[in-house]
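# Results of the structural survey
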Amino acid sequence: MAYVPQASFDLFVSYAHADNQNQWITNFERALAERLHVLLGEKPTFWRDKRELSGEQVFSAEIEAGLRASAALLAVISPSYSRSQSCAEERQHFCRQFPGEPRIGNRLKTLKAIKLPLNGGLHEQYFQGALGFPFHTDALPHAREYQPGESAFSDRIDELARGAKALLEQMRNTCLSLYLSEGVAPALAPAWRALHNELPTHGFRLLPEFRATEWDFGPDVLHSAIDESALAVHLLAPVYNEFAAAQLRRSLLRGKRAIVWLPPGGAADGRTETMLTEALAARVPATLLRHTELWQLKETVLEAARAETARLGAPAAPAPSSRSVYLVCDRTDPGDTAEALAIAEQLRTVASEVHLPEIDRDPLILDQLHEQRLAESDAILFYLHRAPRAFFDETYGDLVRCLRRQRAQNPPRAVALVVPPDVPGRPAGFPPGLAVYESVAPFLAQLPEPGR
């Protein structure tokens, strides 16, 4: 997960492949990630094209997707970089995502590492106003890039990491802050982790930014985190706990809207019931979810958080596109991935947002993203070529369960399956009512209109 909520990657590393001779870029990225991990206290996520993909079309689509999913761009400037058409396209695609300039407050969402300077000081013209960090000796014509292992290289990495930290922290801090209660009972830990993993993907910042138990220190240490939040979520066990109660009292005292959740299970004891009665009688809004499922808690928290965003006029996470498509395919198969990426390019001619299943992330996060996109997308297209029929049965089953649980009142307006005509023994017996096509063209025609 990225350090910046709502992003899949913190930094997109834009560089010329010629500069990775002797693994200079690889070592540069590794050193920066390690130092930034120390400074942030969390492992940052980087996107960098490693040229492991084949085919220009696949390559371009993957790069564009990486740019859209990245919070900031880090350009490694060099003579090769200045001559690279691919690097120029990366800069253009990144900047086009933002009205005007890619800024957060008075900062550009870009950083520059100057591997080697350019004639006429041209390296200073890239992203004017962005922080720049020289990784070379002297000036032209005698400039030489610092090499990994040299003390000067490590010093520049530290300076760059501190600049990146300041930028990423500012981006993170502009997100609406939600307080998620600490010191939860062991039985509540899975629910706490699920919320902690999912809420940032919707563009919200979670507080506190450290872990706390009642054995570490008193609840007063958490006061500043509660005071800074716009909404407080409290997970309570049926058995009274003073550490949890103190956090809830502070939320109500400071006028925070509170959502209180008691999971399905045993009845609350007397002291817990008294605490809940006092919370509901408070003069600030308090929502009690008693014996509800985790997915209902998530929906309530997201609805309340979005309402607070609108009320406070805070920067909001982008609303789901009115023409968003989830293209479900087998990302473990390179061939199906390449074909699905080509289909995604076709879909983007009429849809403003197209998602494919993500890969190379924590399985729990992947499952949550999959369920979220099934729940929020306007249209869903399954692609079945090399993947076995069991793949379709499983993923279509996920959609059916999602419809029963979350989308019964607002189902996707277009659901279809594409099975290329060259599939041997083209399978039959798909669910009744499901449109099955041999190409993506008929599906394009039935996409919902904007303003859904």
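Before any of the text, the structure's been laid out above.
Residues numbered from 1 in each chain as written. Predicted model: local features only at pLDDT ≥ 70, side-chain atom pairs only at ≥ 80, totals over all residues. Heavy atoms only, no water.

### Regarding the packing of helix α6 (residues 189-198) against helix α10 (residues 294-312)
To be explicit about the condition: Note on method: axes are straight lines fitted to C-alpha atoms, helices fitted across the in-contact stretch only, with angles between N-to-C directions ranging 0 to 180 degrees. Helix and strand assignments follow DSSP, with helices taken as H or I runs no shorter than four residues and strands as E runs no shorter than two, numbered in order from the N terminus. When an angle is under 35 degrees it counts as roughly parallel; over 145 it counts as roughly antiparallel; between 65 and 115 it counts as roughly perpendicular; any other value is oblique. By definition, any crossing whose near helix is turned counterclockwise from its far helix by less than a right angle is left-handed, and any crossing with a clockwise turn is right-handed. The contact criterion used throughout is that any non-hydrogen atoms of two residues lie within 4.5 Å. Here the term charged refers only to Asp, Glu, Lys and Arg, the term nonpolar to Ala, Val, Leu, Ile, Met, Phe, Trp, Tyr, Cys and Pro, and the term polar to all other amino acids, Gly among them.
Two numbers describe how α6 lies on α10: the axes approach to 11 Å, and their chain directions differ by 40°. Here α6 is positioned oblique relative to α10, judged by the angle of their axes. Here the hand of the crossing between α6 and α10 comes out right-handed. Side by side, α6 and α10 meet where Ala191, Ala194, Leu195 and Glu198 of the first sit next to Leu294, Leu297 and Lys298 of the second. Split by residue class, the contact of α6 with α10 holds five nonpolar, no polar and two charged.

### Digging into the sheet that holds strand β3 (residues 70-77)
As a reminder of what qualifies: In this analysis, strands are considered paired if DSSP registers two or more bridges between them.
The strand order across the open sheet built from five strands is β2-β1-β3-β6-β7, with neighbouring strands paired in parallel fashion. Since the sheet does not close on itself, it has two edges, and those belong to β2 (46-47) and β7 (131-134), each with one partner. Of the strand pairs in this sheet, β3 and strand β6 (residues 110-114) are connected by five bridges, and their pairing is parallel. Note on β6: the bridge partner recorded for valine 76 is alanine 113. Against the sheet, helix α1 (residues 24-40) touches β1 (9-14), β2, β3 and β6, its axis set at about 135° to β3. Packing of helix α5 (residues 151-173) onto the sheet brings it into contact with β1, β3, β6 and β7, and relative to β6 it is tilted by some 175°.

### What to know about the nonpolar core
To be explicit about the condition: In this text, buried Ala, Val, Leu, Ile, Met, Phe, Trp, Tyr and Cys residues form a nonpolar core when linked through side-chain atoms within 4.5 Å. Exposure is judged per residue with a 1.4 Å probe applied to protein chains only, and the accessible area is read against the type maximum: over 50% gives exposed, under 20% gives buried, and values in between give partly exposed.
One finds Leu11, Phe28, Leu32, Leu36, Leu111, Phe135 and Leu160 to be the most contacted residues of the largest nonpolar core, which totals 34 residues. Contributing elements (two or more residues each) for this core: β1, α1, β3, β6 and α5. By residue number, the principal contributor to this core is α5, which donates nine residues. Every residue in contact with phenylalanine 135, bar those within four places of it in the chain, is listed here: Trp24, Phe28, Ala113, Ile114, Lys115, Arg144, Glu145, Tyr146, Phe153, Arg156, Ile157 and Leu160.

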